[in-house]
Amino acid sequence: MAAPSLRASLLLLLWAGCASGLPGYTLPLDGHPTAGVAEDPNGNAWAANNQWGLKNGGRVYYVENAGANNWWGAGFVRFDLRGKTLSYTADLSGVPCGCVATLYFVAMGNPGPGAPYCDIQPGHGWNPCFELDVMEANSHAFHSSLHAQQGTANDGTCNARIGCVANVGRYPFTRFGQKTSELYGPGASVIDTSKPFQVEAVFDEHGSMSVQLEQEGKTLPGFNKSSGANLKAHEPWNWKAYPTPGGVPDDAVWKTNAAFQGGLVMVSTLWSGDTHWLDKSACGGVQYCNLAGTWFTVSGLQVKANARTTTTTVTAAATDTTTSSTSTSSTAPAATTTSSSASNSSAASALAPATTTASPSTSTAAFAPAPSSTTASPST
């Protein structure tokens, strides 16, 4: 069901959106005073007080003119996030196992009679397009990924079927022995998904993404150029044998750079299906959910220029040389906690910072080793 604070205005907002001819809701963004979300298909979205939400499934796009009467007039906001930070607050407490709430960017064309949806997956009636997933998540697991080309193999590329991913919830441990259920989920000591939490995606000057989650002074690093990887499925309980991520290849970074040059469209969805790739361990196996009664919200969306200066090194496309450039870029802070609880402090402080440095040799991967006194192991 919808969040209680929004119930009173939900019917009025839905009626107003339908009456305009295009179900759109104004949520201005810096430099885009008439922007907002428009839904396709309609009937399951709402917006109020700098917040939008979806219930019972559906899809929304961030459009330039949310008050337009049709998709031609609405247009899409084209995001170029190079050298910028995207942040928002997510409430996923209404998204159970087997359902997925998302926020991602795709290289869609301009709207016509409808929204010409596409993503990286082939065989669905659209031409596959570049896809960058900031959030594919529910209340038990969180997943970020990059899909920059076609392909289905565990070959190290950021391909369509597997992609370069970082996940908490598919497996019971991190590769350093931390129990993922203690890091993220209902009642978890770092990100307790029974309450809202903040999502921050920092992009360097080439568009390379670093994602971290924050809540009440605690930080959970996730996807970055070192931790994002195309990995084979592996045995879940022997965490000491978990594979080491190979990182995001430089050619995928250059494809991301090119995609941002053209401008990407922001999409947010709520759906159900086989979510073993997301939450198999956290949810005790493959789960399917009934979308009826599910909901999530995104609030306080911001895009700001990065404040700090760092140097990012990537291998130039089609050459064997290395180029360095300097731009404003924010390095995610080290995991900290303001909680007085010893269990909360040890869980959060065991995490190292996600960085925006593109060189795997100098980046710190997410979920760094915990101190021996706090490292979870299969025996515990």
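Conventions we followed
Residues numbered from 1 in each chain as written. Predicted model: local features only at pLDDT ≥ 70, side-chain atom pairs only at ≥ 80, totals over all residues. Heavy atoms only, no water. UniProt positions renumbered as here; feature names shortened; annotations may be inferred. Helix = DSSP H or I, 4+ residues; strand = E, 2+ residues; numbered from the N terminus. Contact = heavy atoms within 4.5 Å. Disulfide = S-S within 2.5 Å. Buried < 20%, exposed > 50% of the residue type's maximum accessible area, 1.4 Å probe, protein only. Pairing = 2+ DSSP bridges. Salt bridge = Lys/Arg side-chain N within 4 Å of Asp/Glu carboxyl O. Core = buried A, V, L, I, M, F, W, Y, C linked by side-chain atoms within 4.5 Å. Phe/Tyr/Trp six-rings, centres within 6.5 Å; stacked < 30°, edge-to-face > 60°. Axes fitted to C-alpha atoms, helices over the stretch in contact; angles between N-to-C directions. Expected span 1.5 Å × (residues − 1).

If you check an unreviewed UniProt entry, the protein appears there as cellulose 1,4-beta-cellobiosidase (non-reducing end) from Alexandrium monilatum. Recorded in UniProt for the protein, the comment headed Sequence similarities (unreviewed entry) runs: "Belongs to the glycosyl hydrolase 7 (cellulase C) family." UniProt, in its Catalytic activity (unreviewed entry) section for the protein, records the words "Hydrolysis of (1->4)-beta-D-glucosidic linkages in cellulose and cellotetraose, releasing cellobiose from the non-reducing ends of the chains."

### Overview of the environment of E182
Within the secondary structure, E182 sits in helix α3 (residues 180-183). On a C-alpha basis, the gap between E182 and P172 in space is 9.7 Å, while along the polypeptide they are 10 residues apart. Here E182 is in contact with A188, S189 and V190, once residues within four sequence places are set aside.

### Here we look at the state of the cysteines
Under the defined criterion, the tally for this structure stands at four disulfides. What pairs with C97 in a disulfide is C283, and their sulfur atoms sit 2.0 Å apart. Handedness here is read from the sign of the S-S torsion; for C97 and C283, about -85°, the answer is left-handed. Separated by 186 residues along the polypeptide, C97 in the loop between β6 (84-91) and β7 (99-106) and C283 in the loop between α5 (276-279) and β17 (295-305) bring together distant segments of the chain. Assigned by exposure class, C97 and C283 land together as buried.

### Some details on the pairing of strand β10 (residues 164-168)
Most of β10 sits inside the fold, with four of its five residues counted as buried. In terms of strand pairing, strand β9 (residues 142-147) meets β10 through five bridges, oriented antiparallel. Looking at β10, one finds that S144 is bridged to A166.

### Observations concerning the pattern of salt bridges
Counted under the stated rule, the structure contains four salt bridges. Residue K255 is joined to D251 by a salt bridge in which the shortest nitrogen-to-oxygen separation is 3.3 Å. Here K255 and its partner D251 are both found in helix α4 (residues 250-262), four residues apart, which amounts to about one turn of the helix. Relative accessible area serves as the criterion here: at 32%, K255 is assigned to the partly exposed category.

### Overview of the nonpolar core
Counting residues in each nonpolar core, the largest one holds 60 residues, and the members touching the most others are W52, Y62, Y88, L92, L103, F142 and Y184. Once residues lying within four places of it in the same chain are set aside, the contact partners of L103 are W52, L86, Y88, D133, V134, M135, M266, V267, S268 and V298.

### Re the packing of aromatic side chains
All told, the structure shown has 14 aromatic pairs when counted by the stated rule. Consider the rings of Y61 and W71, whose centres lie 5.7 Å apart with planes at 90°: the pair is edge-to-face. Of this pair, Y61 sits in strand β5 (residues 58-63) while W71 is found in helix α2 (residues 71-74), placing the two residues 10 residues apart along the sequence. For Y61, a relative accessible area of 0% translates into the label buried. For W71, a relative accessible area of 8% puts it in the buried group.

### Let's talk about the sheet that holds strand β13 (residues 197-203)
Pairing in this open sheet of seven strands is antiparallel, and the strands run β3-β4-β17-β6-β13-β14-β15 from one edge to the other. Edge positions in the sheet fall to β3 (45-47) and β15 (218-221), since each has one partner strand and no second. Strand-to-strand twist across the sheet, computed as the mean angle between neighbouring axes with direction ignored, equals 25°. Looking at chain direction, β6 and β17 are connected through seven bridges and run antiparallel. Within β17, the position partnered with T85 by the bridge is K304.

### Here we look at the sheet that holds β5
Pairing in this open sheet of eight strands is antiparallel, and the strands run β1-β2-β5-β16-β7-β8-β9-β10 from one edge to the other. The two strands at the open ends of the sheet, each matched to only one other strand, are β1 (24-26) and β10. Ignoring strand direction, the axes of neighbouring strands in this sheet form an average angle of 15°. Two strands pair when backbone bridges link them, and β7 and strand β8 (residues 131-137) are joined in this way by six bridges, in the antiparallel orientation. Pairing of V106 across the sheet is with E131, part of β8.

### Thoughts on α4
Taking 1.5 Å of rise per residue, 13 residues should cover 18 Å, and α4 covers 19 Å from first to last C-alpha, within 8% of that figure. Taken together, the buried positions of α4 are D250, A252, V253, T256, N257, A259 and F260. Of the residues flanking the end of α4, it is G263, one or two places downstream, whose phi is positive at about 85°.

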